[in-house]
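The chain contents come next:
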Amino acid sequence: MRLRSAFLFTGLGALAFSVAALAQGDPIKQRQEAMKAIGGSMKVLGEMAKGVKPYDGAAAEAAVGRIHDSIDGFTDLFPEGTEMGGETEASPAIWDKPEEFKADAEALKAASAAAKPEVGKGLDALRASLGSVGGACKDCHQSFRIKKD
Ligand code: HEC
């Protein structure tokens, strides 16, 4: 009996711990995963624009949608104390100029929202709207990402 309740308590403790760890997550990993999803979607669009892959309107719309969804909440993944570690490429400027950082994220959100109904209209429309999306990536990376290549 004693043994059993000890087992139960350990089990509950472990469960509580893993739930807390899950809820808290690892913001560096989470933001890098979000950017990987964004990068992968941008690659799909870029390959269509260049003619490396055949144009597919539905796939293009889905890719822009993924960019839009992934940038949502992205700027919340930079709590104090995650300036370093996990091989982050985040620039310290994020914590110096949080409003500017958020504005750059909003710019990508707006650009992807505007591009979504366009990219399904044909290859020319896709090419025309890709510039503003790509520009929003570049703006933020120039100010807030330190590429460690
Ligand atoms: C609001 C700012 C912001 C915008 C907008 C933005 N990025 Fe990023 N991106 C970052 C930051 C910051 C990092 C570094 C994150 C880290 O390492 O902690 C990053 C990292 C990345 C990475 C590397 C991910 C990894 O760790 O493997 C890729 C790929 C990427 N971005 C692609 C894009 C593309 C494509 C766009 C536009 C469609 C874009 N980003 C728009 C801020 C931004």
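Residues numbered from 1 in each chain as written. Predicted model: local features only at pLDDT ≥ 70, side-chain atom pairs only at ≥ 80, totals over all residues. Heavy atoms only, no water.

Focus on the overall build of the chain
Helix and strand content of the chain: six helices and zero strands. From first element to last, N terminus to C terminus, the chain shows the α and β order α-α-α-α-α-α. Per-residue burial over the chain gives 32% buried out of 149 residues. Counting contacts in the chain only where the partners sit at least 6 residues apart, residues at least 24 apart contribute 77% of the total. Carbon and sulfur atoms form 60% of the exposed surface of the chain, whose accessible area is close to 9500 Å². (Helix = DSSP H or I, 4+ residues; strand = E, 2+ residues; numbered from the N terminus. Buried < 20%, exposed > 50% of the residue type's maximum accessible area, 1.4 Å probe, protein only. Contact = heavy atoms within 4.5 Å. Areas by Shrake-Rupley, 256 points an atom, 1.4 Å probe, with all protein chains shown as cover.)

Describing the packing of helix α3 (residues 57–71) against helix α5 (residues 98–119)
One way to put it is that α3 packs onto α5 with a least axis distance of 9 Å and a crossing angle of 160°. Of the possible angle classes, the one that applies to α3 and α5 is roughly antiparallel. In this structure, α3 crosses over α5, and the sense of that crossing is left-handed. Between α3 and α5, the residues in contact are Gly57, Ala60, Glu61, Val64, Gly65, Ile67, His68 and Ile71 and Ala105, Leu108, Lys109, Ser112, Ala113, Ala115, Lys116 and Val119, respectively. Across the contact of α3 with α5, the residue classes break down as nine nonpolar, four polar and three charged. (Axes fitted to C-alpha atoms, helices over the stretch in contact; angles between N-to-C directions. Parallel < 35°, antiparallel > 145°, perpendicular 65-115°, else oblique. Left-handed = near helix turned anticlockwise from the far one by under 90°. Nonpolar A, V, L, I, M, F, W, Y, C, P; charged D, E, K, R; others polar.)

Let's talk about helix α2 (residues 27–50)
Taking 1.5 Å as the rise per residue, α2 with 24 residues should run 34 Å; its terminal C-alpha atoms sit 34 Å apart, in good agreement. The complete set of buried residues in α2 reads Pro27, Ile28, Arg31, Ala34, Ile38, Ser41, Met42, Leu45, Gly46, Glu47, Met48 and Ala49. Here α2 starts with a cap whose side-chain oxygen sits 3.1 Å from the backbone nitrogen of Ile28, and that cap is Asp26. Of the residues flanking the end of α2, it is Gly51, one or two places downstream, whose phi is positive at about 80°. (Expected span 1.5 Å × (residues − 1). Polar contact = N/O pair within 3.5 Å; in protein donor to acceptor, adjacent residues only side chain to side chain.)

Digging into the site of the ligand
Lining the immediate surroundings of the ligand are 23 residues, of which Met35, Thr88, Cys137, Cys140 and His141 lie closest. Glu89 is positioned with one of its backbone polar atoms (N or O) 2.8 Å from an oxygen atom of the ligand. Counting residues per element, the shell around the ligand draws most heavily on α2, at seven residues. For the shell around the ligand, the class distribution of residues is 14 nonpolar, four polar and five charged. (Near = heavy atom within 4 Å.)

Considering the side chain of Ser70
Here Ser70 lies in helix α3. Excluding residues that lie within four positions of it along the chain, Ser70 makes contacts with Ala34, Ala37 and Ile38.

Digging into the nonpolar core
Residues Leu45, Phe78 and Leu126 are the most contacted members of the largest nonpolar core, which totals 30 residues. For this core, the secondary structure elements donating two or more residues are α2, α3, α4 (93–96), α5 and α6 (123–144). Those residues within four positions of Phe78 in sequence are excluded, and the remaining contacts are Arg31, Ala90, Ile94, Trp95 and Phe101. (Core = buried A, V, L, I, M, F, W, Y, C linked by side-chain atoms within 4.5 Å.)

Section: unusual backbone geometry
One non-glycine residue, Glu87, lies in the positive phi region at around 55°. Examined against the element boundaries, Glu87 turns out to sit in the loop between α3 and α4. Relative accessible area serves as the criterion here: at 71%, Glu87 is assigned to the exposed category.

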